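Fold and contact review
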Amino acid sequence: MSFVTGLGGVFFKSRNPTDLARWYRDVLGVPADPESASWAFPWQDQHGEPGYTVWGIFRSSTSYFGNSGQTFMVNFRVNDLDGALKRLREAGVQVDDRVEKTVEGRFGWFVDPDGRRVELWEPAPID
């Protein structure tokens, strides 16, 4: 019945994402793309299937996290986004009606009991 398959990413805000990404690169060796201030950590699951977890910095002014006071957002990978959103709605959770489809896959959002926006990601198949 579990639909979460792993941590898809951790995203947080910064007044200057480019400078912060450069700091993480220079001090910790995180090879963040200076244009996007993010990096995808590649991995393989126990079956040898490839995937990645994203680390990303957003501008402080972003509305992507929902609540303007929210400074970070967690993204969980799921194997069935529609099923996950349905299960959350049935549990009485506040779920965003919008589902976004990109080349990376499909995304949906909900609000946890503390008012944090959380992202769910059903990755696109990797060829």
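Right, let's walk through the structure included here. (Residues numbered from 1 in each chain as written. Predicted model: local features only at pLDDT ≥ 70, side-chain atom pairs only at ≥ 80, totals over all residues. Heavy atoms only, no water.)

Attention now goes to the pattern of salt bridges. Taken as a whole and assessed by the stated rule, the structure comprises 10 salt bridges. One salt bridge in this structure joins D97 and R89, with 3.9 Å as the shortest N-O distance. On the basis of relative accessibility, which here comes to 39%, the residue R89 falls in the partly exposed class. A salt bridge links R98 to E100, with the nearest nitrogen and oxygen atoms 2.9 Å apart. With a relative accessible area of 38%, R98 lands in the partly exposed category. According to the relative accessible area criterion, E100 is partly exposed, its value standing at 26%. The structure contains a network of salt bridges with shared partners spanning D82, R106 and E122. (Salt bridge = Lys/Arg side-chain N within 4 Å of Asp/Glu carboxyl O. Buried < 20%, exposed > 50% of the residue type's maximum accessible area, 1.4 Å probe, protein only.)

Another aspect to go through is the packing of aromatic side chains. Counted by the stated rule, this structure contains 11 aromatic pairs. Consider the rings of W39 and F41, whose centres lie 4.0 Å apart with planes at 75°: the pair is edge-to-face. The exposure class of W39 is partly exposed, given its relative accessible area of 25%. With relative accessibility at 34%, the residue F41 sits in the partly exposed group. Taken together, a centroid distance of 5.5 Å and an interplanar angle of 10° make the contact between F58 and Y64 stacked. Judged by relative accessible area, which is 23%, F58 ranks as partly exposed. Among the aromatic residues, ring-to-ring pairing joins F11, F58, Y64, F65 and W109 into one connected group. The aromatic ring of Y64 is capped on one face by R117, whose charged end is 6.0 Å from the ring centroid. (Phe/Tyr/Trp six-rings, centres within 6.5 Å; stacked < 30°, edge-to-face > 60°. Lys NZ or Arg CZ within 6 Å of the ring centre and 35° of its normal.)

These results come straight from atomic positions and should not be treated as a statement about function.
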